[in-house]
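Structural characterization, general
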Amino acid sequence: KGAMHLANALTSNKTLVILNLANTLVGDEGAKYLASGLKLNQALVRLSLNDSKVTNIGARHLIEGLKVNRSLTKLFLGLKQIGIEEMRECQKTLERNKMAKQKRFLDTLNSDEKAPWNRSRVMFVGHGKAGKTATVRSLLGQPFTEEWDSTIGATLLESKQNVIEDGNWSKVKQPKTKQQMRYSARHAALIMINASSKLKPVKGKLFARLFGNNRSSRIRVRKTSISFVEPILKINCNKNGPPVEGIDSQRDDFMISFQDPYSREDVNSYQGSESSGNSDESEVQLEIENIPDVVKIEAEEESCESIKGEQEEYRIGIQENGNDSTIVTAQNSGQHDIKQKFYERLLVEARHDSETLNLSLWDFGGQEVFYSMHQLFLTKTGVYVLVFDVREVSNEDRRQNALQYLSFWLNSVRLHSSKSPLLLVGTCINDVQDCESLMAVENSIVSLIGDNFAQVVMNSEEDLSFFPIDNKVGRGIGKLRSVLGAEARKESSSRQVPVRWLALLDEMIFNNEKDHYIELADAKAIGTRIGIKQSTEQEAALSLFHEFGLICHLTMTETLKNVVIIHPQWLLDSLSKVIRDSTLHKFNQNEIERFGLTEDVQRTYEKAVVSRDFLEYIWEKDQVDFLIDVMKHTMLMSDWNFSNDRCYLVPSLLKDDIELGKGDIRDDGIWCIFDFSESFLPTGLFQRLICLSVAQYGLRENTTDLAEPVLSKNTGTIQYTDNVRVHLRRHESDACISVYVDNKDHAAETLSHIRSMMSILNYHLMSGGLSWEIYLEDVETGEMMSYDEIIRLKIDPWYIQIENSKNNSIQVDMDSFLDSVIN
C-alpha cells in the first residue's frame, strides 16, 4: 500500500528529485506501482531500491516505466534476483535519459530563456559602533562577540536564507570546485525544472552554437570528432549468491561493461531528438573485476579524452565521479570554448535554489572618514538596513547628535535609491527597558521620518517605526530576519534574468580568478561569444551584477566605465588602506619604521597628503597606478604639486577646521552661497569639490608661483590664479557651502567654475538627486540675494560679468573635465 500511495504521488509531484526506498518491503508489486508512477513523473532523478525485495519480475515492471520516463538517471537495485538482461535494459534507458538531460542542459545554456534569480543585496549602514557587524552576525546565527574590531571600509559576505523551511540565514561556504560556483549552470537547471514544455532553442541550434555554422564541419564532428566514454554497469553481489552465466563463480569479482547505447554513426539523433538511436547495436562485454556487495547502475569514473580533427579540436564526453558529475565540454579553435558541467546533483541544487534566497551582505564601516568612499557603492536596488544604538537616542544629552547621524543616512539612502526598502534597526534594546525611554525613541524616529521617507519599512507587529533588537541575547533577530528576507524576496522575484547573462558572469569571474579586474572590451567580447551581441544588453547585464554587488562597474567617466572590477572586496580593501581612521585602524609601527615611512604616515593622517612611496607600501606594489587612477576618477584623490615628493591629496582624511582670519577678508572680495537646506548636503560633496579645485588649479603652468592650499575638514583656501584666492566652507548645520572670492572682478568666472564642478558631482556621483539655491552678495548693501533676483535687477558685478561670459560659459562634461585635471 505504501508503494501504491507513493506511486500515486509521483504522478503529479514536480519537486521530488531523490527517493530512497532501500531496505524496505516494496517488493515486485510495489515496483509495479512505482513503474506506473514513473511513467507520468518528470522530476525524479534518483531512485534507490537496494534490498527492497524487488526481483526480476519487479525489474521488468520498472523497465516498462523507464521506457516512458524521461527524468530518472540513477536506479539502485539488488542483484540477487535480477538478471543481466534486465540490468542492461535499465542501463540503456537511464543513459538515454542522461543524454537527453545533457542536451536540454546545453540547449538551455545556449538559449534566451529567463527565470527569476533568487538574489538580492542587503546594505548595512549607520554610525560607527552602532552594532552593524554584530547585527549581521546575529542574522547569520553566529554568536555575539563583545570585543570586535570595527569594520574597515566595508565587508562583503554571501548568505542564503531558506524561505520554505525555517527562514534561517547561513553564510555561504566556499564551493570546493569552480563548477559548483557557476551561476549559469544552476540557473539553467532551474529553468529545466520549471519548464512546463520542451525547451525550444533559439536560432542557431546546439551544434551550431558549439561548432559553428559550417555544415561540413558539423558533419565531420558527428562522425569522427565525438567520443563517448563507455559507461560501466558495476554489478556487486554477495559471493554466496546465485552464479551468473558467463562469470567464473570462483573469482572474487566481475564487472559488466556496456558500450554507449548511442552509436557513433547515430550521434545526429543527439542533436535532433531525445531518442536513443539504434540501441540494438549495443554490445555487452564481460570482464573480471572486484565484486562489491550492492548493485549500482551507474558509470564509474572515467576520463574524457580529446579527439583531434583537422585543424580543430572538439570534446564532448560523459564523466561520472563521486559527485555524480557529468562534464560536457566543447572546444573549437574558431569559436568560443564552452566549458560547462552537468551533474545530477545540479538538479537537486537547483531545486534547493528555488527555495533559497541568496543575499549579498555589505557591512559598511561607520566612521565618517569612509562616507565619501561609500557613495561609490550605494546602489539603486537592494534593501538598506540603517542600524542605530537605541541608548544614544534615548539619552537626552546625546539624542540630537544621534539623530543627526540618522538623518544623514536617511538622506544618503534616499539620494541613491528613493524606492528601495529601508529598515531602521535599534540595537541594545535590553538596556532601555522603561516605557518612557522607549516612547522617547519612537517619537524621535517618527518625527525624523515624517512624510519624507516613504521607503521606510514599518514594524507593524509592534506598531513601531523601527525594529528593536539585542544582539547579546538574540532578542528580535528572528523577526528582523523574517521581515528583511520578505523585503528582499519582493525585489528578486519580479526580476527575470537570462541564463546567458549568468554565463557572462561565470566567464568573467571564474576565468580571471588571478585578476582583480578586466577591460570592458574583454567583457563585451565574452558576451558576444556566448550570444549576447547587443552592446546595450551587455551593459544591462553588467549593471545588474553591479547592483547585486557581485562586480563593481562604475560608469561616471569613460575611464572608469572601461574597467570591470570582478572582485569588489579587493577594491574596497585597497581604498580602505588609504582612507581609514588612523586612531582605530593603525598600521604596524615597526614595519613603518623599518621601511622609513614614519614621516609619510604622519603627513598622510595629519595633512591628508599621501606619498607615492607610502601607497606602494600599503598596496604592496600591486596595481598601484591602476588604483591611483581609480581614486582620481572617483575624486577621492588629486595630485598634490606642492611637495618635492610625488604626492596626492586625499580630502577624506582632512581634519579639524580653520576659520577665515581677518586678513583673508579683503575690501574688494565678494560672497556667494550654495544653499542645500531644501535638499541634502552630503559629506562627500564638499570633499570632492576641494579635490577638483586643487587638481584643476594646482596644475597651472606657474604652479610654483601659487600658494599652497590651506585645507581642513570643512574649509579650503585655494589660490585659483595669481590675482584670485577662493575660500570654501561647508556649514554642516545650515546645509550650505559658502564661497568667498577675494577679487570681485573675477567673481562670475569663479562662480561658473564652481557651478560646473557641482553639477558634475551631482549627476555623476549623487545620482542627480541634489538640488540647491544660489545666493549672491549685493556689494552695495551686503545683502544676500537669489541668483535669479540678481539677474532680474541687473546687480553688478555679477550681472555684467555673467552677461559677458554667456557665450563662453564653462559647460564641461565629466570626462573632458577630469582628463584636464587628472591626466
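Residues numbered from 1 in each chain as written. Predicted model: local features only at pLDDT ≥ 70, side-chain atom pairs only at ≥ 80, totals over all residues. Heavy atoms only, no water.

Some points on a negative patch on the surface
- A surface patch of like charges, here negative, comprises Glu-396, Asp-397, Asp-434 and Glu-436.
- We classify Glu-436 as exposed; its relative accessible area is 68%. (Patch = residues over 30% accessible without salt bridge, like charges linked within 9 Å, V, L, I, M, F, W, Y side chains within 5 Å. Areas by Shrake-Rupley, 256 points an atom, 1.4 Å probe, with all protein chains shown as cover. Salt bridge = Lys/Arg side-chain N within 4 Å of Asp/Glu carboxyl O. Lys, Arg positive; Asp, Glu negative; His and termini not counted. Charge placed at Lys NZ, Arg CZ, Asp CG, Glu CD. Buried < 20%, exposed > 50% of the residue type's maximum accessible area, 1.4 Å probe, protein only.)

Structural notes on the pairing of strand E17 (residues 422–427)
- By the criterion of burial, E17 is predominantly enclosed, with six of the six residues buried.
- Going residue by residue along E17, you find Leu-422, Leu-424 and Gly-426 tucked away on one face and Leu-423, Val-425 and Thr-427 tucked away on the opposite face as well.
- Across six bridges, the pairing between strand E16 (residues 383–389) and E17 is parallel. Opposite Phe-388, over in E17, you have Gly-426 as the bridge partner.
- Bridge analysis of E17 against strand E18 (residues 467–468) gives two bridges, and the strand direction is parallel. For Val-425, the partnering residue across the bridge sits in E18 and is Phe-467. (Helix = DSSP H or I, 4+ residues; strand = E, 2+ residues; numbered from the N terminus. Pairing = 2+ DSSP bridges.)

Considerations on the packing of aromatic side chains
- Taken as a whole and assessed by the stated rule, the structure comprises 20 aromatic pairs.
- On the basis of an interplanar angle of 80 degrees and a centroid distance of 5.9 Å, the ring pair of Trp-117 and Tyr-183 is categorised as edge-to-face. One end of the pair, Trp-117, is in the loop between strand E4 (114–116) and strand E5 (119–126); the other, Tyr-183, is in helix H7 (residues 183–194), and 66 residues separate them in sequence.
- A relative accessible area of 21% places Tyr-183 in the partly exposed class.
- Each ring, one from Phe-408 and one from Trp-409, has its centre 5.3 Å from the other, and the planes form 80 degrees; the classification is edge-to-face. Judged on exposure class, the residue Phe-408 and its partner Trp-409 are both buried. (Phe/Tyr/Trp six-rings, centres within 6.5 Å; stacked < 30°, edge-to-face > 60°.)

Observations concerning the environment of Gly-58
- With respect to the helices and strands, Gly-58 occurs in helix H3 (residues 56–68).
- Sequence separation between Gly-58 and Ala-35 is 23 residues; the distance between their C-alpha atoms is 8.8 Å.
- If we skip the residues at most four places from it in the chain, Gly-58 touches Asp-28 and Ala-31. (Contact = heavy atoms within 4.5 Å.)

Re the sheet that holds strand E22 (residues 609–611)
- The strand order across the open sheet built from three strands is E22-E24-E23, with neighbouring strands paired in antiparallel fashion. If you trace the sheet from one side to the other, it starts and ends with E22 and strand E23 (638–640), each paired once. Across this sheet, the average inter-strand angle for adjacent strands is 40 degrees, counted without regard to direction.
- Running at roughly 155 degrees to E22, helix H23 (residues 598–607) makes contact with E22 and strand E24 (647–649) of the sheet. (Axes fitted to C-alpha atoms, helices over the stretch in contact; angles between N-to-C directions.)

Observations regarding the nonpolar core
- Within the largest apolar cluster, 119 residues are counted, with the highest numbers of intra-cluster contacts made by Phe-377, Leu-424, Phe-674 and Ile-754.
- Discounting residues that sit within four places of it in the chain, Phe-377 has contacts with Arg-121, Met-123, Trp-362, Phe-364, Cys-552, Leu-571, Leu-572 and Leu-575.
- Judged by nonpolar contacts, the second largest core, of 25 residues, contains Ala-541, Leu-544, Phe-545 and Leu-550. (Core = buried A, V, L, I, M, F, W, Y, C linked by side-chain atoms within 4.5 Å.)

Notes on the confidence of the model for the chain
- A residue-level look at the chain finds 75% of positions with pLDDT of 70 or above and a mean pLDDT of 77.
- Confidence over residues 196–339 falls short of pLDDT 50; this stretch has 306 contacts with residues more than four positions distant or in other chains. (pLDDT = per-residue confidence, 0-100.)

Brief notes about helix H1 (residues 2–10)
- Inspection of H1 places Ala-3, Ala-7 and Leu-10 among the buried residues, and these make up the whole buried set. Relative to the axis of H1, the buried residues are bounded by an arc of 60 degrees and lie together on one face. Looking at H1, the residues exposed on the side facing more than 90 degrees away from the buried face are His-5 and Asn-8.
- As for H1, its buried residues are in contact with strand E1 (18–20) and helix H2 (27–40). (Arc of directions from axis to C-beta.)

Considering the pattern of salt bridges
- On inspection of all chains with the given rule, the structure shows 23 salt bridges.
- Between Lys-67 and Glu-64 there is a salt bridge; the shortest N-O distance is 3.2 Å. You can see Lys-67 and its partner Glu-64 sitting in helix H3, three residues apart, about one turn around the helix.
- On the basis of relative accessible area, Lys-67 is assigned to the partly exposed category, the value being 42%.

Remarks on the sheet that holds strand E29 (residues 736–741)
- A sheet is described by the order of its strands in space; here seven strands give the open sequence E26-E27-E28-E29-E25-E30-E31, paired in antiparallel fashion. Two strands close off the open sheet at either side, each with one partner strand: strand E26 (710–711) and strand E31 (784–786).
- Pairing geometry for strand E25 (residues 670–675) and strand E30 (residues 773–777), over four bridges, is antiparallel. The partner of Asp-675 across the bridge, within E30, is Glu-773.
- Of the strands in this sheet, E25, strand E28 (725–731), E29 and E30 are in contact with helix H27 (residues 747–765), which crosses E25 at around 20 degrees.

Section: the packing of helix H17 (residues 499–510) against helix H19 (residues 535–547)
- At their nearest, the axes of H17 and H19 sit 10 Å apart, and the two run at 70 degrees to each other. The orientation of H17 relative to H19 falls into the category roughly perpendicular. Counting all contacts with H17, which are made through Trp-501, Leu-502, Leu-504, Leu-505 and Met-508, the residues of H19 involved are Glu-537, Ala-540, Ala-541, Leu-542, Leu-544 and Phe-545.
- Looking at the contact of H17 with H19, its residues break down into 10 nonpolar, no polar and one charged. (Parallel < 35°, antiparallel > 145°, perpendicular 65-115°, else oblique. Nonpolar A, V, L, I, M, F, W, Y, C, P; charged D, E, K, R; others polar.)

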